[in-house]
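# A look at the structure
These are the residues of each chain, in order.
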Amino acid sequence: MNKTLKMWMMAAILICGVSLVGCGNKKAKEQPKEAQEEVTQVKEVVSDAELCNAAVEDYLVNVIGKNYAEGEYCIPCPIIISTDEGNKDDVLIWGDFWVFNYNQSGDTLKTVSGGDHPGLMHLKKTDNGFEVTNFDAVEDGAGNMESSKRIFGDNFEAFWEINSNQEKREDIRLRFIADYVKKHNLISRSEERFSRNAETD
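Owing to the predicted nature of the structure, the values given are computational and were not obtained by experimental measurement. (Residues numbered from 1 in each chain as written. Predicted model: local features only at pLDDT ≥ 70, side-chain atom pairs only at ≥ 80, totals over all residues. Heavy atoms only, no water.)

## Details of the overall build of the protein chain
Regarding its fold elements, the protein chain presents 6 helices and 5 strands. Taken from the N to the C terminus, the helices and strands of the protein chain come in the order α-α-β-β-β-β-α-α-α-β-α. By residue count, 33% of the 201 residues in the protein chain fall in the buried class. For the protein chain, the share of sequence-separated contacts (at least 6 apart) that also reach a separation of at least 24 residues comes to 55%. Here the protein chain displays about 13900 Å² of accessible surface, and carbon together with sulfur accounts for 50% of that area. (Helix = DSSP H or I, 4+ residues; strand = E, 2+ residues; numbered from the N terminus. Buried < 20%, exposed > 50% of the residue type's maximum accessible area, 1.4 Å probe, protein only. Contact = heavy atoms within 4.5 Å. Areas by Shrake-Rupley, 256 points an atom, 1.4 Å probe, with all protein chains shown as cover.)

## As for the pairing of strand 3 (residues 108-126)
For strand 2 (residues 91-105) and strand 3, the ladder comprises 15 bridges, and the chain directions are antiparallel. Bridge pairing links V99 to G115 in strand 3. Where strand 2 folds back onto strand 3 in an antiparallel hairpin, the turn is made up of 2 residues, including G106, whose phi is positive at roughly 65°. One ladder, built from 8 bridges, connects strand 3 with strand 4 (residues 129-137); its direction is antiparallel. Looking at the pairing, G119 lines up with A137 of strand 4. Counted between consecutive antiparallel strands, the loop separating strand 3 from strand 4 contains 2 residues. (Pairing = 2+ DSSP bridges.)

## Considerations on the packing of helix 3 (residues 144-152) against helix 4 (residues 156-163)
Running from N to C, helix 3 and helix 4 cross one another at 130°; their axes reach a closest spacing of 9 Å. As summarised for this structure, helix 3 and helix 4 are arranged oblique, according to the angle between their axes. Contacts from M145, S148, K149 and F152 in helix 3 reach F156, F159 and W160 in helix 4. Grouping the constituent residues of the contact of helix 3 with helix 4 by class yields 5 nonpolar, 1 polar and 1 charged. (Axes fitted to C-alpha atoms, helices over the stretch in contact; angles between N-to-C directions. Parallel < 35°, antiparallel > 145°, perpendicular 65-115°, else oblique. Nonpolar A, V, L, I, M, F, W, Y, C, P; charged D, E, K, R; others polar.)

## Remarks on the nonpolar core
W94, L109 and F152 are the most contacted members of the largest nonpolar core, which has 23 residues in total. Among the secondary structure elements, those contributing two or more residues to this core are strand 1 (73-84), strand 2, strand 3, helix 3, helix 4 and helix 5 (166-183). Residues A55, V99, M121 and F135 belong to the second largest nonpolar core, which totals 16 residues. (Core = buried A, V, L, I, M, F, W, Y, C linked by side-chain atoms within 4.5 Å.)

## A short note on the environment of F156
For F156, the position within the fold is in helix 4. Residue classification places F156 among the buried residues on the basis of a relative accessible area of 14%. It is 9.5 Å that separates the C-alpha atoms of F156 and W94, two residues lying 62 residues apart in sequence. Beyond its immediate sequence surroundings of up to four residues, F156 is in contact with M145, S148 and K149.

## A word on the environment of F130
Checked against the element boundaries, F130 lands in strand 4. Given a relative accessible area of 9%, F130 falls into the buried group. Separated by 41 residues in the primary sequence, F130 and D89 have C-alpha atoms spaced 9.3 Å apart. Those residues within four positions of F130 in sequence are excluded, and the remaining contacts are D48, L51, C52, A55, K88, V91, L123, K124 and K125.

## Concerning the packing of helix 4 against helix 5
Contact geometry for helix 4 and helix 5: axes closest at 6 Å, N-to-C directions at 85°. One way to sum up the angle between helix 4 and helix 5 is to call them roughly perpendicular. Where helix 4 approaches helix 5, its residues E161, I162 and N163 are matched on the opposing element by K168, R169 and I172.

## Digging into the packing of aromatic side chains
Under the definition given, this model contains 9 aromatic pairs. With centroids separated by 5.9 Å and ring planes inclined at 75°, the aromatic side chains of F97 and F135 adopt a geometry described as edge-to-face. Residue F97 is located in strand 2, and its partner F135 is located in strand 4; the two are separated by 38 residues in the primary sequence. Given a relative accessible area of 15%, F135 falls into the buried group. The interplanar angle of 55° and the centroid separation of 6.3 Å between the aromatic rings of F156 and F159 together place this pair among those described as tilted. (Phe/Tyr/Trp six-rings, centres within 6.5 Å; stacked < 30°, edge-to-face > 60°.)

## A word on helix 2 (residues 48-64)
The terminal C-alpha atoms of helix 2 lie 23 Å apart, and with 17 residues this matches the ideal 24 Å at 1.5 Å per residue to within 8%. Each element contacted by the buried residues of helix 2 is listed here: strand 1, strand 2, strand 3 and strand 4. (Expected span 1.5 Å × (residues − 1).)

In short, shape yes, function no, at least from these values alone.
And the structure:
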């Protein structure tokens, strides 16, 4: 009798043990589901290079672009030749800086005004990113070549390779326009340059 009782007690313990293990496994299987429901927010990291480019574009639109006849859209085209970020209080960016104002006619962007401003931009780091503090612009006219060599220094050949190649410049400019159109959800299938016609429209 005692032997039978012991056997029944052992059986009961084994059954409870199996039940507990089963419950543990069920809980373990549910954990991945709970983990999937957790939302992890990842903070977007913006590099200093991106912040510098944004400051350059802002300067082209809101400082240089304001000196031209106004259009519906002002699209900057900074062709960066070289950058020196060694000193965050005086970041140096050499470039062939273009900016154009456009009006939209149907699905076409028509050039109203704009131009080329090669030179060296000085930027400093701020709490909100970077800002342009000074712009050493290449001179127009007779002093163009001399000032270009002085400002660009060792970067002159790279600058001249771009600046003297109109086809390459236009290809780059069209890419900037395409990016702007996509970013601002504009409907545009083509781009036309006819500043002279724009004056009489």
